[in-house]
Amino acid sequence: MKARRLVRTSIVLCALTLSQVVSAADLECTMRFSLSGWSVIYKHTSGKGVVTCKNGQTMKVKIETHGGGLTAGKSRIDNGVGNFSDINKISDVLGTYAQADASAGAVKSGTAQVLTKGEVSLALSGAGQGIDLGISVGGLTISEDK
C-alpha cells in the first residue's frame, strides 16, 4: 500500500516538474535594437538594445557581429526587432549566435535573418540606411550592458 502511494506521488511530482520545464521554455522575449557598422572583407557591426520578456523582465544588451567573406560597405539599422524562441529565462538570450548573411542595398536597406545558438533561435528584422554588398559568415554576440 505504501509502495503504491510512493509510486503515485513520484509520478505526480515528475509530471509537475515536466510541465514546469515545458512551460518555462515557452518564455517569449523580444529585443529592440540599433546597429551600425562597416565591412571591407572583414565585417563588424555593433549596437545596443533592450530585451523584454512577457514575464516582465528586461535587460539592456550590447550587440556585436564579426565575420569574414566578400563584403564591402557601411550600414546602419535603427528600430530593429529580434524575436527569441526556446527561452527558459532571460539570460538564455546571452551568447554568440551563428550567422550567415547575404546583403545588397543602397541608401535604404533592410535585413531579415534567423540565427541559432544551440536550442535558442533569434529571428531578426530591421530597416536602415547605407551601402552594402556581399556575403559573410560569422557570429552575432549578445552580452549584458551593465
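In this text the structure is predicted, and so the values were computed from the model without any measurement.

### A look at unusual backbone geometry
Thought 1: Unusually for a residue other than glycine, Asn79 sits at a positive phi of about 55 degrees.
Thought 2: Note that Asn79 resides in strand E2 (residues 58-87).
Thought 3: What makes Asn79 exposed here is its relative accessible area of 68%.
Thought 4: The phi torsion at Asp86 lies on the positive side, around 60 degrees, for a residue other than glycine.
Thought 5: Mapped onto the secondary structure, Asp86 falls in strand E2.
Thought 6: Looking at Asp86, the relative accessible area reads 40%, which means it is partly exposed.

### Considering the packing of aromatic side chains
Thought 1: One pass over the structure, following the stated rule, counts one aromatic pair.
Thought 2: Seen from their ring centres, Phe84 and Tyr97 are 6.4 Å apart, and the 50 degrees between their planes marks the pair as tilted. Of this pair, Phe84 sits in strand E2 while Tyr97 sits in strand E3 (residues 95-117), and the two are 13 residues apart along the sequence. Tyr97 matches Phe84 in its accessibility class, with the two residues each being buried.

### Focus on the pattern of salt bridges
Thought 1: With the rule as written, the count across this model stands at three salt bridges.
Thought 2: Where Asp145 meets Lys48, a salt bridge forms, and the shortest distance between an N and an O atom there is 3.0 Å. On the criterion of sequence distance, the pair formed by Asp145 in the segment after strand E4 (120-144) and Lys48 in strand E1 (residues 27-53) is long-range, its members being 97 residues apart.
Thought 3: Between Asp92 and Lys89 there is a salt bridge, with its nearest N and O atoms 3.2 Å apart.

### Thoughts on the nonpolar core
It is characteristic of soluble globular proteins that their nonpolar side chains tend to be buried jointly.
Thought 1: Counting 22 residues, the largest nonpolar core has Met31, Val51, Phe84, Tyr97, Leu122, Leu140 and Ile142 as its most contacted members.
Thought 2: Of all the secondary structure elements, the ones that give two or more residues to this core are E1, E2, E3 and E4.
Thought 3: Looking at this core, the element that brings in the most residues is E1, giving seven residues.

### A word on the environment of Gly82
Thought 1: Relative to the helices and strands, Gly82 resides in strand E2.
Thought 2: Along the primary structure Gly82 and Gln113 are separated by 31 residues, whereas in three dimensions their C-alpha atoms are 9.3 Å apart.
Thought 3: Those residues in contact with Gly82, other than ones at most four positions away along the chain, are Cys29, Thr30, Met31, Phe33, Leu122, Ala123 and Leu124.

### Side note on the confidence of the model for the chain
Thought 1: Residues at a pLDDT of 70 or more form 64% of the chain, whose mean pLDDT is 76.
Thought 2: When the elements of the chain are averaged for pLDDT, helix H1 (residues 2-24) gives the smallest value, 41, and E1 the largest, 87.
Thought 3: Contacts from residues 3-24, a stretch scored under 50 in pLDDT, to residues over four places away or in other chains number three contacts.

### A few points about the state of the cysteines
Thought 1: Using the criterion set out here, one finds one disulfide in the structure.
Thought 2: One disulfide bridge connects Cys29 with Cys53, the sulfur atoms lying 2.0 Å from each other. Taking the sign of the torsion about the S-S bond as the criterion, the disulfide between Cys29 and Cys53, at about 100 degrees, is right-handed.
Thought 3: For Cys29, a relative accessible area of 2% translates into the label buried.

Criteria and cut-off values
- Residues numbered from 1 in each chain as written.
- Predicted model: local features only at pLDDT ≥ 70, side-chain atom pairs only at ≥ 80, totals over all residues.
- Heavy atoms only, no water.
- Helix = DSSP H or I, 4+ residues; strand = E, 2+ residues; numbered from the N terminus.
- Buried < 20%, exposed > 50% of the residue type's maximum accessible area, 1.4 Å probe, protein only.
- Phe/Tyr/Trp six-rings, centres within 6.5 Å; stacked < 30°, edge-to-face > 60°.
- Salt bridge = Lys/Arg side-chain N within 4 Å of Asp/Glu carboxyl O.
- Core = buried A, V, L, I, M, F, W, Y, C linked by side-chain atoms within 4.5 Å.
- Contact = heavy atoms within 4.5 Å.
- pLDDT = per-residue confidence, 0-100.
- Disulfide = S-S within 2.5 Å.

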